[in-house]
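# Structural overview for review
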Amino acid sequence: MNKNTGQGSVFSLIKGVPLSRILVALFLLQILLAVGLTAYLSIGNGQKAVNEVASELRREVANRVEQNLQTYLSTPRQVLRSNQNLIDMGLLKIENLATWESYLIEQLKIFPDALGLTASNQQQEYLAVQKLNDRQFLLRKAGKSTGYDLYTYRIDSQGQRTQLPEVIKNYDARSRPDYQTAVSARKFSFSQIYTPLTEPTLLISASLPIYNSQGELLGVNSTLTHLSQIGDLLQNIKVGKSGQIFIIERSGLLVASSTTEEPFRFQNGKPIRLAASQSGNVLTQATAKYLATKFSNFDQIQSLQQLDFSFNGKRQFLEVRPLQGEPNINWLIVVAVPEADFMGQIDRHTQTIIFLCLGALGLATILGILTARWITQPILYFSTATKDLANFTNGEDSVLKVRGIKELEVLGGSFNEMAQQLRQTFTALANKNQELELQLQQRTQELQQEIQEHINSERRLGQHSRVLAELANHKAVFEGNLEKAFKVITEKAANALEVERVSVWLFNSDAYGGLRQHTKLQCINLYELSKQRHSAGLERNLADYLVYFRALASARTIAVSDTRTDPRVQELWDELLEPKNIVSLIDTSIWVGGEVVGTVLYEQVGISRKWELSEQNFVSSIAEFVALTLEVCDRKRAESALREAKEAAEVANRAKSTFLGNISHELRNPLNSILGITEAFQYQVYGPMSEEQRQSLNILESSGKNLLEMINQILEFTDTESSKIELQLAATSIRGLCDSSLSFVKHLAFQKNIRLRAQIPEELEPIQVDERRIRQVFINLLTNAIKFTKEGGEVWIEVQPNSTNEYIFFSVVDTGIGMLSDDLFKLFQPFVQVENSSIGRSPGTGLGLVMVQKIVELHGGTVHAESQLGKGSRFTVKLPWKKLGDWEVKINY
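In short, a report on the structure. The model shown is predicted, which means the values in this text are computed figures rather than measured ones. Within each chain, residue numbers correspond to sequence positions counted from 1 in written order. The model is predicted, so local features are restricted to residues of pLDDT at least 70 and side-chain atom pairs to those at 80 or more, both for listing and for counting; the totals for chains, interfaces and linings are taken over all residues. Processing note: side-chain calculations cover all non-hydrogen atoms of the structure and skip hydrogens and water entirely.

With that settled, consider the overall build of the protein chain. A tally of helices and strands in the protein chain yields 19 helices and 30 strands. Burial status across the protein chain gives 40% buried among its 893 residues. The contact criterion used throughout is that any non-hydrogen atoms of two residues lie within 4.5 Å. Across the protein chain, every contact between residues at least 6 apart in sequence was considered, and the portion connecting residues at least 24 apart equals 59%. Accessible area for the protein chain stands at about 50,400 Å²; split by element, carbon and sulfur atoms hold 53% of it. Elements are defined by DSSP. Helices are runs of H or I of four residues or more, strands are runs of E of two residues or more, and each kind is numbered from the N terminus. Each residue is assigned to one of three classes by its accessible area relative to the maximum for its type, calculated with a 1.4 Å probe on protein chains only: buried under 20%, partly exposed between the two thresholds, exposed over 50%. Residue burial considers only the protein chains on display, and all accessible areas are found by Shrake-Rupley using a 1.4 Å probe.

A separate point is helix α6 (residues 282-295). One less than the residue count of a helix, multiplied by 1.5 Å, gives the span that helix is expected to have. With 14 residues, α6 extends 20 Å between its outermost C-alpha atoms, agreeing within 8% with the 20 Å of an ideal straight helix rising 1.5 Å per residue. Restricting attention to buried positions, one finds in α6 the residues Leu283, Thr284, Ala286, Thr287, Ala288, Leu291 and Phe295. Looking at the buried positions of α6, the neighbouring elements they touch are β9 (244-249), β13 (305-311), β14 (314-326) and β15 (329-338). Nitrogen and oxygen atoms within 3.5 Å of one another constitute a polar contact, given that in protein one can donate a hydrogen and the other can accept it, and given that sequence-neighbouring residues count only through two side-chain atoms. Two or three places before leucine 283, at the start of α6, stands the capping residue asparagine 281, its side-chain oxygen 3.1 Å from that residue's backbone nitrogen.

Attention shifts here to the packing of helix α16 (residues 734-744) against helix α18 (residues 771-787). Only the contacting stretch of a helix is used when fitting its axis, a line to C-alpha atoms as for every element, and angles between N-to-C directions run 0 to 180 degrees. Where α16 contacts α18, the axes come no closer than 9 Å and their chain directions differ by 50 degrees. Regarding the angle of α16 to α18, the classification is oblique. With respect to the hand of their crossing, α16 and α18 are arranged in right-handed fashion. Judged by residue contacts, Leu737, Ser740, Ser741, Leu742 and Phe744 of α16 engage Glu771, Ile774, Arg775, Phe778, Ile779 and Leu782 from α18. Among the residues making up the contact of α16 with α18, the classes are represented as 7 nonpolar, 2 polar and 2 charged. The scheme is simple: roughly parallel for angles under 35 degrees, roughly antiparallel for over 145, roughly perpendicular for 65 to 115, oblique for anything else. Each crossing is labelled by how the near helix is turned from the far one, with a counterclockwise turn of less than a right angle marking it left-handed and a clockwise turn marking it right-handed. The classification used treats Ala, Val, Leu, Ile, Met, Phe, Trp, Tyr, Cys and Pro as nonpolar, Asp, Glu, Lys and Arg as charged, and all other residues, Gly among them, as polar.

For the rest of this paragraph, the subject is the sheet that holds β13. Sheet strands associate in pairs through backbone hydrogen bonding, adopting either a parallel or an antiparallel arrangement. When DSSP finds two or more bridges between two strands, those strands count as paired. Pairing in this open sheet of 5 strands is antiparallel, and the strands run β10-β9-β15-β14-β13 from one edge to the other. Lying at the two open borders of the sheet, with one neighbouring strand each, are β10 (254-257) and β13. This sheet shows a mean twist of 25 degrees between the axes of neighbouring strands, independent of strand direction. Across 7 bridges, β13 lies against β14 in antiparallel orientation. Within β14, the residue paired with glutamine 305 across the bridge is valine 320. Those strands touched by helix α5 (residues 228-235) are β9, β10 and β15, and its axis lies near 40 degrees from that of β10. α6 rests against β9, β13, β14 and β15 of the sheet, and its axis sits at about 120 degrees to β13.

The next thing to look at is unusual backbone geometry. A negative phi angle characterises most non-glycine residues, just as the trans form characterises most peptide bonds. The phi angle at arginine 186 is positive, at roughly 60 degrees, despite the residue not being glycine. Here arginine 186 lies in the loop between α4 (177-185) and β6 (189-190). You will see that glutamate 498, though not glycine, has its phi angle at about 60 degrees, which is positive. Summarising the element assignment, glutamate 498 is placed in the loop between α11 (482-497) and β16 (501-509).

Before going further, it helps to examine the environment of leucine 138. Position of leucine 138 among the secondary structure elements: in strand β3 (residues 137-142). A relative accessible area of 10% means that leucine 138 is categorised as buried. For the pair leucine 138 and glutamine 163, spaced 25 residues apart in sequence, the C-alpha separation works out to 10.0 Å. Beyond its immediate sequence surroundings of up to four residues, leucine 138 is in contact with Ala128, Val129, Gln130, Leu132, Thr152, Tyr153, Arg154 and Leu164.

One open sheet accounts for 5 strands, arranged β24-β26-β27-β29-β28; its pairing is mixed. Across the chains shown, the open sheet's two edge strands, defined by having one partner strand only, are β24 (755-759) and β28 (862-868). Each neighbouring strand pair of the sheet contributes to a mean axis angle of 15 degrees, computed without reference to strand direction. With 7 bridges connecting them, strand β27 (residues 807-814) and strand β29 (residues 872-880) associate as antiparallel partners. If you follow phenylalanine 810 over to β29, its bridge partner there is valine 877. Here α16 sits on the sheet and contacts β24, β26 (794-801) and β27; the angle it forms with β26, its principal contact strand, is near 165 degrees.

Moving on to the packing of aromatic side chains. Geometrically, a pair of aromatic rings is defined through the distance of the ring centres and the angle of the planes. Stacked, edge-to-face and tilted labels apply to pairs of Phe, Tyr and Trp rings (six-membered ring for Trp) whose centres lie within 6.5 Å, assigned for plane angles under 30 degrees, over 60, and everything in between, in that order. The full count for this structure, using the stated rule, is 8 aromatic pairs. Ring geometry for tryptophan 100 versus tyrosine 103: centroids 6.4 Å apart, planes at 85 degrees, classification edge-to-face. Residue tryptophan 100 and its partner tyrosine 103 are located together in helix α3 (residues 100-110), separated by 3 residues, close to a single helical turn. Three or more aromatic residues link up through ring pairs in this structure, and these residues are Phe507, Tyr548 and Phe549.

In terms of nonpolar packing, the biggest core is built from 51 residues, with Val65, Trp100, Ile230 and Trp331 touching the most fellow members. Those residues in contact with valine 65 that sit more than four places away from it in its chain are Leu234, Ile237, Ile245, Ile247 and Ile333. The set of buried Ala, Val, Leu, Ile, Met, Phe, Trp, Tyr and Cys residues whose side-chain atoms join them within 4.5 Å is what this entry labels a nonpolar core. Val745, Ile767, Leu781 and Val852 belong to the second-largest nonpolar core, a separate cluster that totals 37 residues.

Attention shifts here to the side chain of asparagine 802. Here asparagine 802 is to be found in the loop between β26 and β27. Here threonine 804 takes part through its side chain, which lies 3.1 Å from a polar atom of the side chain of asparagine 802. Sequence-distant contacts of asparagine 802, that is, excluding residues within four places in its chain, are made with Tyr807 and Phe809.

Turning next to the pattern of salt bridges. Two side chains with opposite charge may pair up if their charged atoms get near one another. Just to be clear on terms, a salt bridge is a Lys or Arg side-chain nitrogen sitting within 4 Å of an Asp or Glu carboxyl oxygen. Per the counting criterion, the structure on display carries 25 salt bridges. Two residues, glutamate 539 and lysine 520, come together in a salt bridge whose shortest N-O distance is 3.4 Å. With a gap of 19 residues between them, glutamate 539 in strand β19 (residues 539-541) and lysine 520 in strand β17 (residues 516-528) connect regions that are remote in the sequence. Ionic pairing is found between arginine 755 and glutamate 794, a salt bridge with its closest N-O pair at 3.3 Å. A residue pair is termed long-range when its members are at least 10 positions apart, and arginine 755 in strand β24 and glutamate 794 in strand β26 qualify at 39 residues. Several salt bridges share partner residues, and in doing so they unite Arg501, Glu528, Arg533 and Glu603 into one network.

Taken together, Asp544, Asp574, Glu575 and Glu578 make up a surface patch of like negative charges. Tracing the chain through its elements places glutamate 575 in helix α13 (residues 570-577). Only residues above 30% relative accessible area that lack a salt bridge enter a patch, with like-charged residues linked at up to 9 Å and the nonpolar side chains Val, Leu, Ile, Met, Phe, Trp and Tyr linked at up to 5 Å. Just so you know, the count uses Lys and Arg for positive and Asp and Glu for negative, and it drops His and the chain ends. Where a charge lies is defined by one atom per residue type, namely NZ (Lys), CZ (Arg), CG (Asp) and CD (Glu).

This part takes up the pairing of strand β7 (residues 203-211). Counted residue by residue, β7 has 8 buried out of 9 residues, so it is predominantly covered. Inspection of the sheet shows β6 paired to β7 by 2 bridges, in the antiparallel sense. Across the sheet, the residue bridging to serine 189 is serine 207, located in β7. When β7 meets strand β8 (residues 217-226), the two strands line up antiparallel, connected through 9 bridges. Along β8, the bridge assignment pairs leucine 208 with asparagine 221.

Structure follows, in structure tokens:
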């Protein structure tokens, strides 16, 4: 019985579908599963094989390129090392370059990759041989024999010289970049790639400094090489059918490519380097842009990377390998292979598989149709008879009788039993349907309620947005009118949130406009919605409500649904909340300048309320408008104070101008007259002069200008000595102060190729100083550091607070000439300068460091100097500095 029932259930699921179609579908399903699985595995294995072959090919090609590059770049090292060995054995002397000419020519014949060889020494001698072709060379030499002028000769195959008209006067090879680079590196190194002006190509030079046994520099030996040969090497390496190889620098500039494209282009007739992302070859350009997007910075590629990307709808295999090991050589080898190079045979195999699958599918369809007809013909009568089961409401108990086929007789009996069970099931389903309709009506009502709540929420959001927009354009807010602005804010917030009470509380101040103290909250404005009235004057002491005040300090928003049970407001319940029947509240902090200055309180009366996220966001926005009003008010007061200070400064400036006018008249005007007469004599207005007279006038003019500068410095020093300087203390950004000081002396450092930098910890609190005066201190120290630092040196600022944050140290450090420790005590004495044997006495009055010390002392700080002869100096300024406590608020009202 159970077996027949199960069969009836199966047939009911496929009711209306002909059995012939079911049989055909089963045949097709089996064939599709078998053939599809075979095709999937075949194609998957083919794709896996392609990935493995592509990976191996990329790796093999990259290995070959790396080996060829290592061999190519090792040639200059071999040439220069062989010359070093000959010098060490005494066969060549770098001090005498006369014997090097024929040797360098023969060496260029032995090493065909080298374009040119040069040798220069400390005696200002210079010799360079450049290969023009296999039989002609270009010779350049300078030294004592040429009067230290650079002469250029052409040498033919017979060794005959032909002097060219090009002559460079007073040529000193020691100022050449390759000479300076080798001396700075003190070892073998490559130069940066560059494009010469004489021919369209890329060149790279390698240099080796020559020292004697005592470590003294004798000279420099260099080679010059074409990079176009690297492109020839890459073109000889085959990468599939259409793969490419190219080499780029970390900057993205193209070094060489396996295509015929040159790694440079012409602009205004001059060759300039070509970026790989701007290449004319579409595959090179697409690969470079993909790598730039993938890594954002080529310096991040520190190891081998095997990648793939899509270009023009086709997959491209990619390998990127860093090339390192040589000084200043930090290139990337890029191998790009299209997937189509490997997929030709696999695609043909795939097509064959598809054709076989289609053939098998067609054959299975034909066999399925024939088999279905053979099976379904005997049961067509049974199929027609089953249509009577479609109507269960006629109340008739029809009985199906089938004879002739044993299986169909059994099936007929099962059918009759199934019909009886289906009628019983239909009755049960009708009852169940009535229950479902009742449930559906109930759920519909719930959905309507949810929709109404959503509409109400949207309405509240719209109302919140309108209120915020009105506050943003309200005159009292952007004018900083606290009383009027707070009334408008509390009233609009109460109406928007539909709460009974909205109030603004600020921490107490010691006096009007004084510093805020976190000991008491004072109610600035309280609005009651039902009474439509404003009030103020309530207070809450920290000592009475410690838990509540701690909650305000630790969270921006306190949302309380039930004030009777929430521990954060239990202290307020008996005295403040229960008498006014306040059952829910939300409290949000007011932040100004990174500090909590008060709170905005919303109180619900009578009915408890669960605060939604949109309402919490709204009250936070209201708190921001309160903070904005306070900031505007502070700015207005600051502007008023600034105007008063400006008026006082103008009075003082008038007195100072009178004094300076007298000084200018008594001292500067005579000096200017002297300088004017001196200039007239220099231009021979009063007749010709001898060379001795002209030199005397130059000395007179220089002395007069120095005297004017000394007068200016003495006047400023007099101001500090007479305590005429009044500090304008204000909160100043430490990083901004250091950066602006460095920017002021940047041009001085640039003239001497001196590097400037700053070491400043992150997130330092501002410091209370006179920003202009302290900047003058830093500029004086930085200017002195640059003045006494040689070309190529370094000057920097270090900032470090002490362990207790009571003081902060600013250090100006240089790598200059330094001084003896015995001379340090003279630095801060007026009109005293420390002399150095390397530069002598520098110009000036010796008042710069004295001014630095006076300004720092006026700030309550100290200046300390440290120095070591030949290794640089460090000047450290110590200034008072202390972070604000957790409950200190520096906002004035």
